Amino acid sequence: MGHESELSHEGERMISAPSPEKEKSKRLAGKVAVVTGSSRGIGRAIAKALAAEGAVMAVHYCRGRDSADEVAKDFERAGNKVAVFQADCSRPEECHRLLEQVARQLGKVEILVNNAGINRDRSIRKMSAAEWDEVVHTNLNSVFHCTKAVLEPMIARGWGRIINIASIIGQTGAFGQANYAAAKAGVIAFTKSVAQELARYGITVNAICPGFVDTDMISNMPAAAKEAVKSRIPLGRFGDADEVARLVRFLCTEGDWITGAQLNINGGQFM
Ligand code: NAD
């Protein structure tokens, strides 16, 4: 899997056909879901949780096609319809191209999980404008552009779920993370505003604010810093990506009366 020769001219590839019998009993059967940054980490776990409920999955990656293909292959084995898409979400035109391709290839987008994100930590005295911009473009502007790109068809269908992966850092701020904190706080405020605008069309918009979750994003943290953080978490440990994924699944399957929420999942670190 994953060879360029298998790509269509749009940089996307359908991997498998649906299995209607298997999908019937599942709560998201036939719903098309896009999770940005779903080739690894929290995004991967979210895609897995939605796929397990029968969603038609658009697996998206920025770099690292092989892991995206691996994720897609797993879904395919489980009988899901799935396709893989590449895009750099720090660029507005790529967000729009991504969502247009998904809609064209999979028919529609009903669930959008804005998960793609980066950190470029540095104290404000040392932070460059480029580091500020990169984080704001990837973590905040992408949420605006991806949402815009799915909006009108979602309104026309009268149903949609938009879930934005924010962060505890957007609620508390953090030393060395002015760019990341500002972007994530922006995501939370964006969520509340758009939720008010879209409720009348059957679209819910929520933000999930994870605390520290063991993924590549925090793999470079020094061990001592990790221990210091853990000591401030009442439940005494970092979270698991699957725990965040279960919350996303809940919002998509049972959270019909939840919108504009910022849902904490942080072991009690911020209440
Ligand atoms: P990760 O580094 O494993 O995953 C980040 C994902 O974003 C990857 O799939 C990557 O391909 C994608 N991505 C990065 N830049 C991109 C770009 N320009 N275009 C498209 N995709 C891009 O980290 P993670 O922990 O899985 O992070 C997922 C989300 O969860 C992020 O938004 C992150 O801010 C948020 N989050 C993480 C933690 C944590 O402790 N790990 C805590 C709170 C919030």
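A quick note: this is a predicted structure, and the numbers were derived from the prediction, not measured. Residues take numbers from 1 onward in each chain, read along the sequence in its written order. Local features in this predicted model are restricted to residues whose pLDDT is 70 or higher, and side-chain atom pairs enter the listing and the counts only when it is 80 or higher, whereas totals over whole chains, interfaces and linings include all residues. Working from all heavy atoms in the structure, the side-chain values ignore hydrogens and water.

### Digging into the site of the ligand
In this text, near means that some heavy atom of the residue lies within 4 Å of the molecule or strand in question. Neighbouring the ligand are 28 residues; Ile-42, Cys-89, Asn-115, Tyr-180 and Thr-215 lie closest to it. Under this definition, polar contacts are N or O atom pairs within 3.5 Å; protein pairs additionally need one hydrogen-donor-capable and one acceptor-capable atom, and for neighbouring residues in sequence, both atoms have to be side-chain atoms. For the ligand, a nitrogen atom lies 2.7 Å from a polar atom in the backbone of Cys-89. Interatomic distance of 2.5 Å between a side-chain N/O atom of Thr-215 and an oxygen atom of the ligand. In isolation the ligand offers 820 Å² of accessible surface; the protein chains occlude 96% of this area. Each helix is a run of H or I in the DSSP string that is no shorter than four residues. Each strand is a run of E no shorter than two, and both are numbered from the N terminus. Breaking the shell around the ligand down by element, the ones donating at least two residues are α2 (41–52) and α7 (178–198). Counted by class, the shell around the ligand contains 14 nonpolar, 10 polar and four charged residues. Here the accessible surface of atoms and residues is derived via Shrake-Rupley with a 1.4 Å probe, and residues count as covered only by protein chains that are part of the display. Following the grouping adopted for this structure description, the nonpolar residues are Ala, Val, Leu, Ile, Met, Phe, Trp, Tyr, Cys and Pro, the charged ones are Asp, Glu, Lys and Arg, and the polar ones are all others, Gly among them.

### Thoughts on helix α5 (residues 129–157)
The span you would expect from a helix comes to 1.5 Å times its residue count less one. In this model α5 runs 41 Å from its N-terminal to its C-terminal C-alpha over 29 residues, within 8% of the 42 Å that 1.5 Å per residue would give. Helix geometry: α5 is bent most strongly at Leu-151, by close to 45°, with proline Pro-153 lying one to four residues after it. Bend, at a single residue, is the angle you get between axes fitted to the 7 residues ending at that residue and the 7 residues starting at it.

### A look at the packing of α5 against α7
Angles shown run from 0 to 180 degrees and are taken between the N-to-C directions of axes, each axis being a line fitted to C-alpha atoms and, for helices, limited to the stretch in contact. The N-to-C vectors of α5 and α7 enclose an angle of 15°; their axes lie 8 Å apart at closest approach. As the angle between them shows, α5 and α7 are arranged roughly parallel. Where α5 crosses over α7, the handedness of that crossing is right-handed. Contacts between α5 and α7 involve Glu-131, Trp-132, Val-135, Val-136, Asn-139, Leu-140, Val-143, Phe-144, Thr-147, Leu-151 and Ile-155 from the former and Ala-178, Asn-179, Tyr-180, Ala-182, Ala-183, Lys-184, Gly-186, Val-187, Phe-190 and Leu-198 from the latter. Here the residues of the contact of α5 with α7 sort into 15 nonpolar, four polar and two charged. For this classification, under 35 degrees means roughly parallel, over 145 means roughly antiparallel, 65 to 115 means roughly perpendicular, and everything else is oblique. Note on convention: the crossing is left-handed when the near helix lies turned anticlockwise from the far helix by less than a right angle, right-handed when the turn is clockwise. Contacts were defined at the residue level, with two residues in contact if any of their heavy atoms lie within 4.5 Å.

### Thoughts on the pattern of salt bridges
Salt bridges are identified by distance alone: a Lys or Arg side-chain nitrogen within 4 Å of an Asp or Glu carboxyl oxygen. Within the structure shown, the criterion is met by 14 salt bridges. In this structure, the salt-bridge partner of Arg-27 is Glu-53, at a minimum N-O distance of 2.8 Å. Of the two residues, Arg-27 is situated in the loop between α1 (20–23) and β2 (32–35) and Glu-53 in the loop between α2 and β3 (56–61); the sequence distance between them amounts to 26 residues. Residue class for Arg-27 comes out partly exposed when judged on its relative accessible area of 43%. In this scheme, a residue with accessible area under 20% of its type's maximum is buried, one over 50% is exposed, and one in between is partly exposed, where area comes from a 1.4 Å probe on protein chains only.

### Focus on the confidence of the model for the protein
Residue-level confidence of the predictor is summarised by pLDDT, bounded by 0 at the bottom and 100 at the top. Per-residue pLDDT for the protein averages 93, and the proportion of residues at 70 or more is 91%. Predicted confidence for residues 1–9 stays below pLDDT 50, and this span has 14 contacts to residues more than four positions away or in other chains.

### Considerations on the packing of α2 against helix α9 (residues 241–253)
Look at α2 against α9: their axes get within 8 Å of each other, and the N-to-C directions meet at 45°. Between α2 and α9, the crossing angle belongs to the class labelled oblique. Every pair of crossing elements has a handedness; the one defined by α2 and α9 is right-handed. Facing α2, whose interface residues are Gly-41, Ile-42, Ala-45, Ile-46, Ala-49 and Leu-50, α9 presents Ala-241, Asp-242, Val-244, Ala-245, Val-248, Arg-249 and Cys-252.

### Notes on the nonpolar core
Counting residues in hydrophobic clusters, the biggest one holds 33 residues, and the most contacted among them are Ile-46, Leu-50, Met-57, Val-113 and Val-248. Looking at this core, the elements that each hand over two or more residues are β2, α2, β3, α3 (65–77), β4 (82–86), β5 (111–114), β6 (160–165) and α9. What Ile-46 contacts, discounting residues up to four positions off in sequence, is Val-35, Val-113, Asn-115, Ile-165, Ala-245 and Val-248. Residues enter a nonpolar core if they are buried and are Ala, Val, Leu, Ile, Met, Phe, Trp, Tyr or Cys, with the set joined through side-chain atoms within 4.5 Å. The next biggest cluster of nonpolar side chains, apart from the first, holds 32 residues, and it includes Cys-146, Leu-151, Ile-162 and Phe-190.

### Overview of the packing of aromatic side chains
Two rings belonging to Phe, Tyr or Trp (six-membered ring only in the last case) form a pair when the distance between their centres is within 6.5 Å. Interplanar angles under 30 degrees mark stacking, angles over 60 mark edge-to-face geometry, and anything in between is tilted. Scanning the model with the defined rule gives one aromatic pair in all. With a centroid separation of 5.7 Å and 25° between ring planes, the pair formed by Phe-212 and Phe-238 is classed as stacked. Taken together, the residues span a long stretch of sequence, with Phe-212 in the loop between β7 (203–210) and α8 (223–230) and Phe-238 in the loop between α8 and α9 at a distance of 26 residues. In our convention, an over-ring charge means Lys NZ or Arg CZ found within 6 Å of a ring centre and within 35 degrees of that ring's normal. Positioned above the aromatic ring of Phe-238 is the side chain of Lys-230, whose terminal nitrogen or guanidinium carbon lies 4.9 Å from the ring centre.

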